[in-house]
Each structure stands twice: as C-alpha cells, then as structure tokens.
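# Structural features, examined
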Amino acid sequence: MANLLPAKTKYRKVHKGRNRHGAKGGNGLAFGDFGIQALERGLLTASQLEAARVAINRHLKRKGKLWMRVFPQKPITRKPAETRMGKGKGGVEFWAVVVRPGNVLFEVSGVPSALAREAMRLADGKVPFGCRFMARDDGEQFDK
C-alpha cells in the first residue's frame with residue numbers, strides 16, 4: 001500500500017486548527033459523472049482514504065476512470081504513550097485531510113449509475129463520517 005503524503009512541505013508540524021463552516025470550493029462534480037460528497041466534518045486519514053480508493057477500484061474492476069478530489073496534507077502529531085508533559089510537540093504519526101461538509105471526495109465516470117452507486121456505498125463505509133452519492137444531470141450545471 002502506497003503511503004499518501006506530500007512530497008515536500010514548508011513546515012514539518014502544523015497547528016491543530018479548527019474545522020468550522022462548509023466547503024469553500026470542491027463541492028461540485030468537476031471531472032466525473034458520479035461522486036461521493038461529505039455531509040459531516042472530520043479528519044480523513046491517509047489510510048482511510050486509500051482504503052476507500054481500493055474499495056472503489058475493486059468494485060469497478062478497472063472499468064471507467066476514478067478521480068480522488070482530496071489529498072492528505074495535514075500532519076497529525078502524537079507524543080509517545082506514558083510520556084511526561086512538556087519537552088515539545090510529538091513526532092508526526094500520520095497525514096490527514098481536513099474534510100468539511102460539501103467536499104467531494106471521489107468522482108467516477110464511464111460506468112453505469114448502479115455500479116457507481118454501489119462502489120461509492122462501499123467507499124462510504126471506509127470513511128468516518130456520513131456521505132451522499134452525487135450524479136451529474138445533463139440539464140443541471142455544477143460549478144467547476
């Protein structure tokens with residue numbers, strides 16, 4: 001399993017931050033015909049993201065095209081167990097995506113609606129928050 005992490009970052013460790021409000025962008029279908037959209041906020045770890053991607057690809061059996069619309073760019077640090085307070089911030093344990101309500105996580109095209117819906121349902125089971133299935137209607141325009 002390839003570990004998803006940025007090739008280079010300006011800083012090794014970042015502040016925790018606050019995950020408020022909805023998605024500012026990336027909340028519509030831009031590439032594919034079907035997608036999965038987050039309904040809740042949370043952190044999506046690189047391993048959870050990879051598990052969802054593998055679940056989609058295995059169900060589609062190499063048919064169609066898959067786009068991953070989010071990427072883990074936030075380092076999450078932890079101090080070792082049974083360590084006294086102080087002595088600085090812990091080391092980077094894993095990388096995560098900050099997901100806000102409305103973020104599109106994956107998109108697929110070139111497959112029937114029923115196949116895409118089932119693949120996205122399997123991916124929804126791998127992420128720690130609720131998601132919904134999206135489909136592009138020919139008459140409806142999504143912001144790009």
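A brief structural summary. The shown structure was predicted, so the numbers you read here are calculated from the model rather than taken from an experiment.

Burial runs high along strand β6 (residues 104–109): six of the six residues are buried. When strand β1 (residues 34–38) meets β6, the two strands line up antiparallel, connected through four bridges. Residue pairing in the sheet places F34 in a bridge with V108 of β6. Sheet analysis places strand β3 (residues 65–68) next to β6, joined by four bridges and oriented antiparallel. Opposite M68, over in β6, you have F106 as the bridge partner.

All right, on to the nonpolar core then. I56, L105, F106, V108 and F129 are the most contacted members of the largest nonpolar core, which has 25 residues in total. At five residues, helix α1 (residues 46–60) tops the list of elements feeding residues into this core. If we ignore the near neighbours within four places in the chain, the residues touching F106 are F34, G35, I36, L49, A52, R53, I56, L66, W67, M68 and M120.

Definitions and cut-offs
- Residues numbered from 1 in each chain as written.
- Predicted model: local features only at pLDDT ≥ 70, side-chain atom pairs only at ≥ 80, totals over all residues.
- Heavy atoms only, no water.
- Buried < 20%, exposed > 50% of the residue type's maximum accessible area, 1.4 Å probe, protein only.
- Helix = DSSP H or I, 4+ residues; strand = E, 2+ residues; numbered from the N terminus.
- Pairing = 2+ DSSP bridges.
- Core = buried A, V, L, I, M, F, W, Y, C linked by side-chain atoms within 4.5 Å.
- Contact = heavy atoms within 4.5 Å.

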